[in-house]
Amino acid sequence: MADYYPYPIATRRGDLTLIWRPGEGDAPDELAVDELGRLLAFHDPKTLQEYCDRNGWELVWEDEGALDLGVVRRWVEHPSLGSVTAGLLLNAWNFFEDLSRSLKAGPPLPSQGSIHDSAYEKIFGGKALEPTADEGAWTDEETAAVRELLRAGLDLWEQAVHRSSTG
């Protein structure tokens with residue numbers, strides 16, 4: 001039996017918890033959806049646990065902080081107004097890719113090319129957002145590509161939550 005993990009998301013409308021499952025072998029990671037392909041989103045841990053128990057899913061609780069999409073949105077819309085960590089942007093990027101693959105409907109993320117590959121590699125160093133990082137800092141083109149990708153991810157998230165099956 002595969003393990004399932006609660007995936008907390010902090011949003012401007014309140015916190016939600018999704019169900020995340022790592023892909024086995026070469027399979028991609030995924031977020032749980034209902035039989036209609038709608039994202040499963042829960043407002044409280046009890047309802048989440050009851051849902052998993054009914055479906056025979058082993059829920060593995062870890063002490064992970066919530067992915068704060070409000071901070072991500074502020075950076076995407078106004079990158080000069082506040083600081084954001086490279087780690088948060090990387091988590092959001094990975095989350096949006098998982099979300100895009102998991103949903104049966106909704107706009108896909110923009111096609112990714114070499115500019116995204118370069119930006120993704122730099123984000124692991126943790127200094128992608130620091131202008132003094134020289135070769136490790138994002139170029140203006142990389143920053144724009146990441147902002148476009150995250151903006152599309154945020155739009156996908158809003159549509160998914162609007163159509164979600166919530167508990």
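Residues numbered from 1 in each chain as written. Predicted model: local features only at pLDDT ≥ 70, side-chain atom pairs only at ≥ 80, totals over all residues. Heavy atoms only, no water.

Participant: Go over the nonpolar core with me, naming the residues and quoting the values.
Facilitator: One finds L18, F95, F96, L99, L150 and W157 to be the most contacted residues of the largest nonpolar core, which totals 38 residues. When contributions to this core are tallied by element, the ones reaching two or more residues are β1 (3-10), β2 (16-21), α2 (69-77), α3 (86-102), α4 (114-124) and α5 (140-163). The element that contributes the greatest number of residues to this core is α3, accounting for 9 residues. Contacts of L99, omitting those with residues within four sequence positions, involve L31, L39, L156, W157 and A160. One finds Y4, I19, Y51 and W57 within the second-largest nonpolar core, a separate group that totals 10 residues. (Core = buried A, V, L, I, M, F, W, Y, C linked by side-chain atoms within 4.5 Å. Buried < 20%, exposed > 50% of the residue type's maximum accessible area, 1.4 Å probe, protein only. Helix = DSSP H or I, 4+ residues; strand = E, 2+ residues; numbered from the N terminus. Contact = heavy atoms within 4.5 Å.)

Participant: Outline α2, listing residues and values.
Facilitator: Those residues of α2 that fall on the buried side of the exposure criterion are L69, V72, R73, W75 and V76. The arc enclosing the buried residues of α2, seen along the axis, measures out at 165°, which places them on a common side. Looking at the buried side of α2, the elements it contacts are β1, β6 (67-68), α3 and α5. In this structure D68 caps α2, since a side-chain oxygen of it lies 3.0 Å from the backbone nitrogen of G70. (Arc of directions from axis to C-beta. Polar contact = N/O pair within 3.5 Å; in protein donor to acceptor, adjacent residues only side chain to side chain.)

Participant: Break down the packing of α2 against α5 for me, citing the residues and quoting the values.
Facilitator: For any two helices packed against each other, the geometry is given by the interaxial angle and the distance between the axes. Packing of α2 against α5 brings their axes to within 9 Å, and their N-to-C directions diverge by 135°. When the interaxial angle is binned, α2 and α5 end up oblique. Crossing geometry of α2 relative to α5 is assigned as left-handed. Residues L69, V72, R73, W75, V76 and E77 of α2 form the contact with α5, whose own contacting residues are T143, V146, R147, L150, R151, L154, W157 and E158. Classifying every residue of the contact of α2 with α5 by side-chain character gives 8 nonpolar, 1 polar and 5 charged. (Axes fitted to C-alpha atoms, helices over the stretch in contact; angles between N-to-C directions. Parallel < 35°, antiparallel > 145°, perpendicular 65-115°, else oblique. Left-handed = near helix turned anticlockwise from the far one by under 90°. Nonpolar A, V, L, I, M, F, W, Y, C, P; charged D, E, K, R; others polar.)

Participant: Please give an account of the environment of W20 that cites residues and values.
Facilitator: Here W20 shows up in strand β2. Note: C-alpha distance between W20 and E148 (128 residues apart in sequence) is 24 Å. Filtering out sequence-adjacent residues up to four positions away, W20 remains in contact with Y4, Y5, Y7, D29, E30, L31 and D98. Side-chain polar atoms of W20 contact the side chain of D98, separated by 3.1 Å.

Participant: Before we move on, can you summarise the pairing of β2 with the specific residues and values?
Facilitator: Of all 6 residues in β2, 6 are buried; the element is thus mostly enclosed. Burial of the side chains of β2 extends over both faces: L16, L18 and W20 are buried on one face and T17, I19 and R21 on the other. When β1 meets β2, the two strands line up antiparallel, connected through 5 bridges. Within the sheet, the bridge partner assigned to P6 lies in β2 and is I19. With antiparallel pairing between neighbouring strands as the criterion, β1 and β2 make up a hairpin whose turn holds 5 residues, including G14 at a positive phi of roughly 120°. With 2 bridges joining them, β2 and strand β3 (residues 30-31) adopt antiparallel strand pairing. Pairing of W20 across the sheet is with L31, part of β3. (Pairing = 2+ DSSP bridges.)

Participant: I'd like to hear about the packing of aromatic side chains, residue by residue, with values.
Facilitator: Within the structure shown, the criterion is met by 9 aromatic pairs. Aromatic side chains W75 and W138 sit 6.2 Å apart centroid to centroid with 50° between the ring planes, which places their arrangement in the tilted category. Within this pair, whereas W75 is found in helix α2, its partner W138 is found in the loop between α4 and α5, the two being separated by 63 residues in sequence. Summarising the burial analysis for this pair, W75 and W138 share the class buried. Connected via pairs of aromatic rings, a cluster forms that spans Y4, F42, Y51 and W57. (Phe/Tyr/Trp six-rings, centres within 6.5 Å; stacked < 30°, edge-to-face > 60°.)

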